[in-house]
Amino acid sequence: MLIQRRPLSSTPLLGKRKRADEPHPYLSGNFAPVSRTRPLTPCTYSGEIPEELHGGEYVRNGGSPVSNQDLGRDAHWFDGDGMISGVLFAKTPNGVRPEFVNQYVLTDVYLSTVSSPSLRKPILPSIATLVNPVATFISITLHICRTLLLVLLSHLPGSRQAIKRISVANTSVLFHDGRALATCESGPPMRIRLPDLKTVGWYNGKTAEGEAGGEDGAGFGGDGMLGFLKEFTTAHPKVDPRTGEMILFHSTFAPPYVHYSIVPATHPPAIPVTPLERPLRLLNAKVPGISSAKMMHDFGVGQYSTVIMDLPLTLDPMNMMRNKPVVAYDSSTNSRFGVFPRHTPEQVRWFEAKACCIFHTANTWEDTSFDRSTGQMKINTVNMLACRLMSASLVFAAGNLPIPEPVTGLDMEEEQCRLYYYQFDMTSLSNEITHQFALATINFEFPSTRDDRAMTECRYVYGCSTSAGGFGAALGKAAKIDCLAKIDARELIRRGKKDPSLTPITGRVDNRSMQEILDSADPDDPIKIFRLPYGCFAQEPRFVPRAGSTTEDDGWLLTYVFDEAQLDENGVCFPDAKSELWIIDARDMKTVVGRVFLPQRVPYGLHGVWCSEAQISSQRPHETIRSIHEQGRIDKGVWSSTRNWLEHKLG
């Protein structure tokens, strides 16, 4: 079957549509959820599709609340039921054929929601409710009690689906050891099937529900009453391309607050490893030294070391007893970085720095030397690149909330989100951060590097930026990505270390504005920008290398793009609005190699992954998948009537 191609410059003709009621900025425009799901659906495309994409699939996760009738409710960009959107580059006798697919992740919360048609807003309270600095103790308590009551109702007779885990699996997606996993902090990963994105079941570090085979015994969380809390897993597990290990942490509300796990691959890569790299299973090991519950989103992992970040952003229900929001940021306390050998978290060493927020790390690696006296390798420094914010403003902005006033009397920095370099000296007893500075002035978030070079020093980091302003949008507006950036981190770190005038923390190696970088004609510029056409906005980019590439940046960036010419005068998407998947040359950051025209739009979402043809074919067998149609319900009787009445009242 031949697929029709359209010119690269083609744009659909759009007409005006009737205005809907003006909703929350993160529930409107292309942030608005989509409810339609599609099986693998052939797409047209323009340009070329590189051979390395053939047979693989790009998949991306994000929140799309299924109960969305109450548009005036609290809402946050990080809320919503997980929806995976993917493009498979299917091989056919006539060449490659792009196929679009999107599916909800069938979590307990999702299945319970669709079986309760009287609910007008999500079962879980919005993050915006929990972080709102003016929310009262009573209002937050009522929201939490509503959730607890709905969870309780789901376990009683007459319910289709018991809510055993509250995760909505809406943040990221990764591939490890024959499993594609959707992730979110509030529960364990959920296995999904490629390429059709059907839900298999919860993964506990040993096996997934519905899987054929796997390992027996307790996994994440272990046994005991609070085991479900220890299942809470970072949305950003790290997969080592050398050893095949998956490294992750579990942040909880109870001491010791952070646990740590390593899941080895059943069939690790056939490569030589050092004793420090030897795969080892570790489940729920304690990370000492953390004194309170934190909003801990990401961490850093090198070949030999792990970096846990204890930042002054708490996520603790007990905050309400202290007259604080459940999520609170304290700029008067320091940030702390816990560095330890990968397999021994009990050996953690803590380094302190000025208060900040970090949601995403980009790269972590070590500088080593050979100790002749012991005959062993010695780790001299641990290095980390991370997207550093000087406050928690993004948490509030993404919920359309006013940003709280900072603590007075502090040395305040310029509000920003920049790519920062940290170097931790492992040879000194003083636990010194030898370097901490920004690589550039421009805003930078959603970082990514080549997956096959993870946990070693990467020269290039790709991410999202903006041509004007930052990521903290004003009330009534939402942050959007109109620039993709490529930063030569190795070169800028080299310059920063050589510059004696560079001020720690506030110093920036490259002080140019976005416009100055866009105006640059230097082919060796350490920062290159791909600026989207006016009115078009991108999402997180993912790098796919060219086969046999000899340079690190030889490959392509994949990103979903939406043209906001498809919004009416009130900012509402036309019913026939559509997104595209763009394939961008990562070397020159200028050329759009190809564009895949999708049958519907993909809302602005969070994190994705590229899955190769070999990974798709290596998936573990499974016996069952989750399905809405398998849910049963007693629709008659006093209990069902009472239950339906309670759900209706709870809204």
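Owing to the predicted nature of the structure, the values given are computational and were not obtained by experimental measurement.

**Student:** Residues and numbers for the sheet that holds strand β15 (residues 305-310), please.
**Tutor:** Strand order in the open sheet made by the 4 strands is β14-β15-β18-β19, with antiparallel pairing throughout. Sheet topology places β14 (300-301) and β19 (349-353) at the edges, where each strand pairs with a single neighbour. Strand direction decides the pairing type here: strand β18 (residues 335-341) and β19, joined by 5 bridges, are antiparallel. Considered in β19, the bridge of Arg336 is made with Glu352.

**Student:** I'd like to hear about the sheet that holds strand β7 (residues 179-183), residue by residue, with values.
**Tutor:** Within a sheet, adjacent strands bond to each other through the backbone by hydrogen bonds, running parallel or antiparallel. In spatial order, the strands read β6-β7-β8-β9; together these 4 strands make up an open sheet with antiparallel pairing. Single-partner strands in this sheet number two, and they are β6 (172-176) and β9 (199-202). Each adjacent strand pair in this sheet contributes to an overall mean axis angle of 30°, direction not counted. In this sheet, strand β8 (residues 190-192) lies alongside β7 in antiparallel orientation, the contact comprising 3 bridges. When the sheet's bridge partners are listed, Ala182 is paired in β8 with Met190.

**Student:** Quick one: what's the story with the confidence of the model for the protein, residue by residue and with numbers?
**Tutor:** Looking at the protein, the pLDDT average stands at 88 and 89% of residues meet or exceed 70. Scored below 50 in pLDDT, residues 1-20 shows 42 contacts in the model against residues more than four places distant or in partner chains. Between residues 407-411, whose pLDDT stays under 50, and residues either more than four places distant or in other chains, the model counts 5 contacts.

**Student:** Help me get a handle on unusual backbone geometry, residues and values and all.
**Tutor:** At the junction of Leu194 and Pro195, the peptide bond is cis and its omega measures out at 5° in the coordinates. Here Pro195 is to be found in the loop between β8 and β9. At the junction of Pro255 and Pro256, the peptide bond is cis and its omega measures out at 5° in the coordinates. Following the sequence through the fold, Pro256 ends up in the loop between β11 (246-251) and β12 (258-263). Of note, Asn400 is a non-glycine position whose phi angle comes to about 60°, a positive value. With respect to the secondary-structure elements, Asn400 resides in the loop between α5 (393-397) and β22 (417-425). Non-glycine residue Met589 carries a positive phi angle of around 55°. Topologically, Met589 is positioned in the loop between β32 (579-585) and β33 (592-597).

Cut-offs used in this document
Numbering of residues starts from 1 in every chain and runs along the sequence as written. Predicted model: local features are reported for residues with pLDDT of at least 70 only, side-chain atom pairs are reported and counted for 80 or more only, and whole-chain, interface and lining totals are derived from all residues. Note that water and hydrogens are dropped before the side-chain values are worked out from all heavy atoms of the structure. Strand pairing requires that DSSP identify at least two bridges connecting the strands. For the purposes of this entry, the term helix denotes a DSSP run of H or I that reaches at least four residues, the term strand denotes a run of E that reaches at least two, and both are numbered from the N terminus. Axis definition: a line fitted to C-alpha atoms, limited for helices to the stretch in contact. Angles are taken between N-to-C directions and run from 0 to 180 degrees. On a scale of 0 to 100, pLDDT captures the predictor's confidence in every residue. A contact between two residues is defined here by any heavy atoms of the two lying within 4.5 Å.

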